[in-house]
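Below, each chain spelled out in residue letters.
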Amino acid sequence: MSWTPYDGSEYLDFNGVESFCRNLAEAHPEWVTLEEVGRTHHDRPLLLLTLSRTDDDVSRRPGFWVDGGTHAAEFTGVMATLYAISQWLGRLTSGDEAALSWFSRRAVFAMPCISPDGFQAMCDGAPFIRSSLRPPQPGAVRSGLDPCDIDGDGIVRWMRWKHPAGAFVPDPEIPMFMRPRTLGDDPEDAYFLCDEGEFIQWDGGKWRSAPLAFGVDLNRNFPGSWQPFEMFGMDGGAFALSEPESRAVVDAFSARPFIGAGLTNHTYTGCLLTQPYAKNTTVPVPDIDLMEHLAKEAVKGTRYKVYKVNPEFTYDPDKLIVGVWADSMVTVFGVPGYTLELWDPLSEAGLEVEKPLDFFLKPDPEKMKKLFAHFSTEGHAVEPWRAFDHPQLGSVEIGGIDYLRTLRNPPLAKLQDECESGFRVADALRRSLPDVEGRVSTEHHGKTWTVELTLENHGYLPTSATTHGAKLAASPRMSAKLTVGGGARIVSGPDELELEHLEGWGQTLVGSGRNPVYATLPAHGHRTVARWMVEGEGDVSVSWCAGRAGEGRNRGRLGED
């Protein structure tokens, strides 16, 4: 079976994504495992790729999680995930020694498309869908303007018609731009502006938007701080993990207990989002500082900025942001989890915006005009306003910019660069995992032996991934166990010992310890030792669990030269 790496030169639909995954697993069984971890409402597979040497139970290895496609319109997140997989596998097949070593002992778990139903529908030209195609609740009645392609060109564009009650007027310099109306504008120049579509359950009078046909936002359906949510016509599901897609993600994540960090790819703003998600967060300050430090390391070599979600990337700092997947990685599993907002159309258009969410809610008309002016040069993405005979409204105009491939996602010519930047972030976070080395030594004392296990963490992150993680039931603990056979027996202490988590070197670089003038040693340290006294001769086996750094074993025999 032939497999072609994804290079960012095209946008694939879900059929293409699925073919990529299946062909990859078949072409490289020595490195790739493919699983279906669930099915969607429309019975599409939820695919999980594992990149690791397939010579053992790879789900038990330390790993890095990456995904895309939580939101249906965010094509770039899916493409960036495929691109990262291709880059890593390219290093493996080219014989890169560092990659061969890393992927032989650790794994990347990649879910390219969390919402394949909505993703495929949008690739097929459907109107905006936030996430999945969850059916409306029983008894729900929709009325109002329903976005749809009424002129048959395969794209749901914008629609406008003249009316003195309209809130927008055409800009004379940028034909695509409809600027907000001012009190000084002539009512004769006013227009209503909305998505292309038709009215359902219409009484012939009211011009209003219909509730979304598919309103669930999967990124409000995860367990972290979940509570009922409603915003912009979207909801967070009936209860946490009520949706098959979010349930499959969490089940797959929790079944791999040694995942040490995670990244979920979204669009757009050109930034990496980190903790905290709430003003009164339960995440300890040292973890917030460590995650911010790691985020700033991860974006080096890219144009991405780092924002703390609260207060820098939220509509209202006083309101809790509920059910977010990246936040759930931290608060539920104790694992550093990040959201990467790929693609920055504002910077691409030469705009500097200090607070992106403020710009979305209260856009500066002059800056919006510059944005439209820039993307109006993308000929493939622009459709001039043209007259259309609407079956309900009569004479209207349809046109505008292809929002999906200019603002929400980059134009095709920019996609590869965006995927490469996304890969840089993912690859940096992959390299932050805790990395524990275990050494066993023995010393003979007449009739007895000392058996000693030394565990050292050489990784950036601690073995608990976060200090918060050390307190959670979902987080693996640190322990060591000695098993003896033949004529040997343990004469001092229990065979199994609980150990303290080990710090990572990244923790030394937050707080006052980062200053070389006041450099100090960490509070707990990177090393721990377990000791047993054994009498007699025979086989011994020392096994350990090093928290998120995974498991290990060392065998030997006492009494042999």
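Anything mentioned here points back to the structure above.
Keep in mind that what you see is a predicted model, and the values were worked out from it rather than measured.

S.K.: Looking at this structure, I do not really get the overall build of the protein chain. What am I missing?
M.R.: In terms of regular secondary structure, the protein chain is built from 12 helices and 26 strands. Taking all contacts inside the protein chain whose residues are at least 6 apart in sequence as the whole, residues at least 24 apart take part in 73%.

S.K.: Please clarify how the layout of surface pockets should be interpreted in this entry.
M.R.: It is the rolling of a water-molecule-sized probe over the atoms that shows where space remains empty. Put simply, the second largest pocket is a space of about 590 Å³. Lining of the second largest pocket is provided by 25 residues; of these, Trp544, Gly550, Glu551, Gly552 and Arg553 occupy positions nearest its centre. Sorting the residues of the lining of the second largest pocket by element identifies α3 (97-105), β19 (436-445), β21 (478-484), β25 (538-546) and β26 (551-558) as the ones contributing at least two each. At four residues, β25 tops the list of elements feeding residues into the lining of the second largest pocket. Residue classes in the lining of the second largest pocket are distributed as seven nonpolar, six polar and 12 charged.

S.K.: Explanation requested: the sheet that holds strand β2 (residues 45-51) in the structure shown.
M.R.: Whether parallel or antiparallel, the strands of a sheet pair through hydrogen bonds between backbone atoms. If you trace the eight strands from one edge of the open sheet to the other, you get β1-β2-β4-β3-β13-β16-β14-β15, paired in mixed fashion. Two strands close off the open sheet at either side, each with one partner strand: β1 (32-39) and β15 (305-308). Within this sheet the neighbouring strands show an average axis-to-axis angle of 20°, counted without direction. Contacts from helix α12 (residues 412-430) reach β3 (63-68), β4 (107-111), β13 (259-267), β14 (271-274) and β16 (337-342), with the element oriented near 170° to β16.

S.K.: Is there a simple way to think about the pattern of salt bridges in this case?
M.R.: Opposite charge on two side chains allows them to pair when their charged atoms are near. Tallied over the entire structure, the rule returns 40 salt bridges. When the shortest N-O distance is used, the salt bridge between Arg431 and Asp427 registers 3.6 Å. According to the relative accessible area criterion, Arg431 is exposed, its value standing at 52%. The buried category is assigned to Asp427, whose relative accessible area is 6%. Glu456 serves as the salt-bridge partner of Arg527, at 2.6 Å between the closest nitrogen and oxygen.

S.K.: Would you explain the nonpolar core in this entry?
M.R.: One recurring pattern in soluble globular proteins: nonpolar side chains tend to sit buried together. Judged by nonpolar contacts, the single largest core of 69 residues is most densely connected at Phe64, Met79, Trp88 and Leu263. Ranked by residues supplied to this core, first place goes to helix α2 (residues 75-93) with 11 residues. With sequence-adjacent residues up to four places away left out, Phe64 is seen in contact with Trp88, Ala107, Val108, Phe109, Ala261, Gly262, Leu263, Ala426, Leu429, Arg430 and Leu433.

S.K.: Just checking my understanding: could you explain the packing of α2 against α12 for this structure?
M.R.: The axes of two packed helices give the description: the angle between them and the distance between them. Two elements in contact, α2 and α12, have axes separated by 8 Å at closest approach and are oriented at 65°. As α2 packs across α12, the resulting crossing turns out to be right-handed. Each of Thr76, Met79, Ala80, Tyr83, Ala84, Gln87, Trp88 and Arg91 in α2 lies in contact with α12, whose residues at this interface are Leu415, Glu418, Cys419, Glu420, Phe423, Ala426, Asp427 and Arg430. Tallied by class, residues from the contact of α2 with α12 come to nine nonpolar, two polar and five charged.

S.K.: How do you make sense of the packing of α2 against α3 when you look at a structure like this?
M.R.: It is at 8 Å that the axes of α2 and α3 come closest, and there the two elements cross at 110°. The angle between α2 and α3 falls in the class roughly perpendicular. When α2 is examined against α3, the residues Trp88, Arg91 and Leu92 are found in contact with a partner set consisting of Ala99, Leu100 and Phe103. Class assignment of the residues belonging to the contact of α2 with α3 gives a composition of five nonpolar, no polar and one charged.

S.K.: I tried to follow the packing of aromatic side chains on my own but got confused; where do I start?
M.R.: Describing an aromatic ring pair means giving the distance of the ring centres and the angle of the ring planes. Applying the stated criterion to the full structure yields 24 aromatic pairs. Judged by centre distance (5.5 Å) and plane angle (55°), the ring pair of Tyr268 and Phe360 falls under tilted. Here Tyr268 is found in the loop between β13 and β14, whereas its partner Phe360 is found in helix α10 (residues 356-361), with 92 residues between them in sequence. According to the relative accessible area criterion, Tyr268 is buried, its value standing at 16%. Taken together, the aromatic side chains of Trp65, Phe222, Phe253, Trp325 and Phe333 make up a single cluster linked through ring pairs. Over the ring of Tyr191 we find Arg160, and its NZ or CZ is 4.7 Å from the ring centre. The positively charged end of Arg220 is found above the aromatic ring belonging to Phe229, 5.3 Å away from the centroid.

Each value, and the rule that gives it
- Residues numbered from 1 in each chain as written.
- Predicted model: local features only at pLDDT ≥ 70, side-chain atom pairs only at ≥ 80, totals over all residues.
- Heavy atoms only, no water.
- Helix = DSSP H or I, 4+ residues; strand = E, 2+ residues; numbered from the N terminus.
- Contact = heavy atoms within 4.5 Å.
- 1 Å grid on protein atoms, 1.4 Å probe; cavity = no way out; pocket = protein on both sides within 12 Å on 5 of 7 lines; lining within 4 Å.
- Points joined across faces, edges and corners; volume = space filled by probe spheres on them.
- Nonpolar A, V, L, I, M, F, W, Y, C, P; charged D, E, K, R; others polar.
- Pairing = 2+ DSSP bridges.
- Axes fitted to C-alpha atoms, helices over the stretch in contact; angles between N-to-C directions.
- Salt bridge = Lys/Arg side-chain N within 4 Å of Asp/Glu carboxyl O.
- Buried < 20%, exposed > 50% of the residue type's maximum accessible area, 1.4 Å probe, protein only.
- Core = buried A, V, L, I, M, F, W, Y, C linked by side-chain atoms within 4.5 Å.
- Left-handed = near helix turned anticlockwise from the far one by under 90°.
- Parallel < 35°, antiparallel > 145°, perpendicular 65-115°, else oblique.
- Phe/Tyr/Trp six-rings, centres within 6.5 Å; stacked < 30°, edge-to-face > 60°.
- Lys NZ or Arg CZ within 6 Å of the ring centre and 35° of its normal.

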